[in-house]
Amino acid sequence: MDRLLAATSQAETRHFWFRGLRRFVSPLLTDAVAGRDRPRVLDAGCGTGWNLRSLPQMADGHGIDLNRTGLGRARDGGLTRLARASVTALPFRDATFDLVTSFDVLYALTEDEARRAMSEMARVLKPGGTLIVNVAALEILRGGHGVLAEELRRYDRPTMRAAVAAAGLEISRMTYTNASLFPLILAARALQRMAGLRTPEETGREISVPPAPVNALLDVVLGLEAALVRFVNLPFGSSLLSVARKPRR
């Protein structure tokens, strides 16, 4: 995981995938906290803290992560409301947050750990609060990046719906993303599996920034897709982005 975080911190400012993720997620974050006065937000598995720094300015952002390296980089970036903790045992009282986010964390957990993590995120949400989760999608896309990210599973709509329902939450939006790059990713991952998946040390380039013209082109492609996702849910893609709400009762 240290290798993944080191690669992430070098790439997340410029890499087309991270820029695309922020474009997909930013409108959802804004919608989730609209009309709330100083909303409290938790990023469960905050890594280097980039997503916390992307929150709307009026939000009161908090982050937890088990990885000391990631938390250190987050603190170096100016974040202070951080704690070393597991998503399966959040150190907060019930109904503390208006919004909880978790980006690319659940797929690295066992089935039991993922179930407990969803339950914990639901527990710390206020009634009427929102959970936004992004995960790796579709087993057919398993490949080298999964080795680097210590991936245990990839999700699809039914498995994510079941996980959300088991936590007592209600899905309000679910879409695959990176659909525009699906053929390229599918071909690349198939070749990786045919060649044999390499060790984490050998897969570091999976997250390196491509040559500038290629990165710029893919950035534009995902920007256009993000604009489309504002209005429609996509039927396939390399990630699955879900928005769920805690019932008011």
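A. Seen up close, the overall build of the protein. In terms of helices and strands, the protein carries nine helices and seven strands. The C-alpha atoms of the protein give 17 Å as radius of gyration, which agrees with the globular expectation for 249 residues (18 Å, within 12%). Overall size of the protein, expressed as C-alpha extent along the three principal axes, is 50 × 40 × 35 Å. Evaluated residue by residue, the protein yields a buried proportion of 51% over its 249 residues. Long-range contacts, defined here as pairs at least 24 residues apart, represent 76% of the contacts in the protein between residues at least 6 apart. Counting only carbon and sulfur atoms, one obtains 56% of the accessible surface of the protein, whose full area is about 11700 Å². For the protein, the distance from the average site of its 34 positive side-chain charges to the average site of its 25 negative ones is 3 Å.

B. Just the pattern of salt bridges, in detail. The final tally for this structure, using the stated rule, is 14 salt bridges. Here R123 and D94 are joined by a salt bridge, their closest N and O atoms 2.8 Å apart. Taken together, the positions of R123 in helix α5 (residues 111-124) and D94 in the loop between β3 (82-84) and β4 (97-103) put the pair 29 residues apart, joining distant regions of the chain. Between R123 and E120 there is a salt bridge whose closest N-O contact spans 2.8 Å. Residue R123 and its partner E120 are both found in helix α5; the two are separated by three residues, about one turn of the helix. Counted as one network, the salt bridges with shared partners bring together E139, R142, E151 and R154.

C. Structural detail: helix α2 (residues 16-33). Across its 18 residues, α2 extends 26 Å between first and last C-alpha, which sits within 8% of the 26 Å expected from 1.5 Å per residue. Largest kink in α2: about 30 degrees, centred on V25, with the proline P27 one to four residues after it. Considered for burial, the residues of α2 that qualify are F16, F18, G20, L21, R22, F24, V25, P27, L28, L29, A32 and V33. Looking one or two residues beyond α2, the residue adopting positive phi is G35, at roughly 80 degrees.

D. Looking closely at helix α4 (residues 68-76). Looking only at α4, the buried set comprises G70, L71 and A74. Axial view of α4: buried residues confined to an arc of 95 degrees, hence all on one face. Facing away from the buried side of α4 by over 90 degrees, the exposed positions are R68 and D76.

E. Structural context of the pairing of strand β1 (residues 40-44). Of all five residues in β1, four are buried; the element is thus mostly enclosed. As paired elements, β1 and strand β2 (residues 60-65) share five bridges and run parallel to each other. In the sheet register, D43 faces β2, and the bridge partner there is G63. Bridge count between β1 and β4: three bridges; the pairing is parallel. Within the sheet, the bridge partner assigned to V41 lies in β4 and is L99.

F. Representation of the side chain of R173. Counting through the fold element by element, R173 comes out in strand β6 (residues 170-177). A polar contact is formed between the side chain of R173 and the backbone oxygen of V229, at a distance of 2.4 Å. Ignoring any residue separated from it by four or fewer positions in sequence, one finds R173 in contact with L28, V229, R230, V232, N233, L241, S242 and V243.

Rules of the game
Residues numbered from 1 in each chain as written. Predicted model: local features only at pLDDT ≥ 70, side-chain atom pairs only at ≥ 80, totals over all residues. Heavy atoms only, no water. Helix = DSSP H or I, 4+ residues; strand = E, 2+ residues; numbered from the N terminus. Rg over C-alpha atoms; globule rule 2.2 N^0.38 Å. Buried < 20%, exposed > 50% of the residue type's maximum accessible area, 1.4 Å probe, protein only. Contact = heavy atoms within 4.5 Å. Areas by Shrake-Rupley, 256 points an atom, 1.4 Å probe, with all protein chains shown as cover. Lys, Arg positive; Asp, Glu negative; His and termini not counted. Charge placed at Lys NZ, Arg CZ, Asp CG, Glu CD. Salt bridge = Lys/Arg side-chain N within 4 Å of Asp/Glu carboxyl O. Expected span 1.5 Å × (residues − 1). Bend = angle between axes of the 7 residues up to and from the residue. Arc of directions from axis to C-beta. Pairing = 2+ DSSP bridges. Polar contact = N/O pair within 3.5 Å; in protein donor to acceptor, adjacent residues only side chain to side chain.

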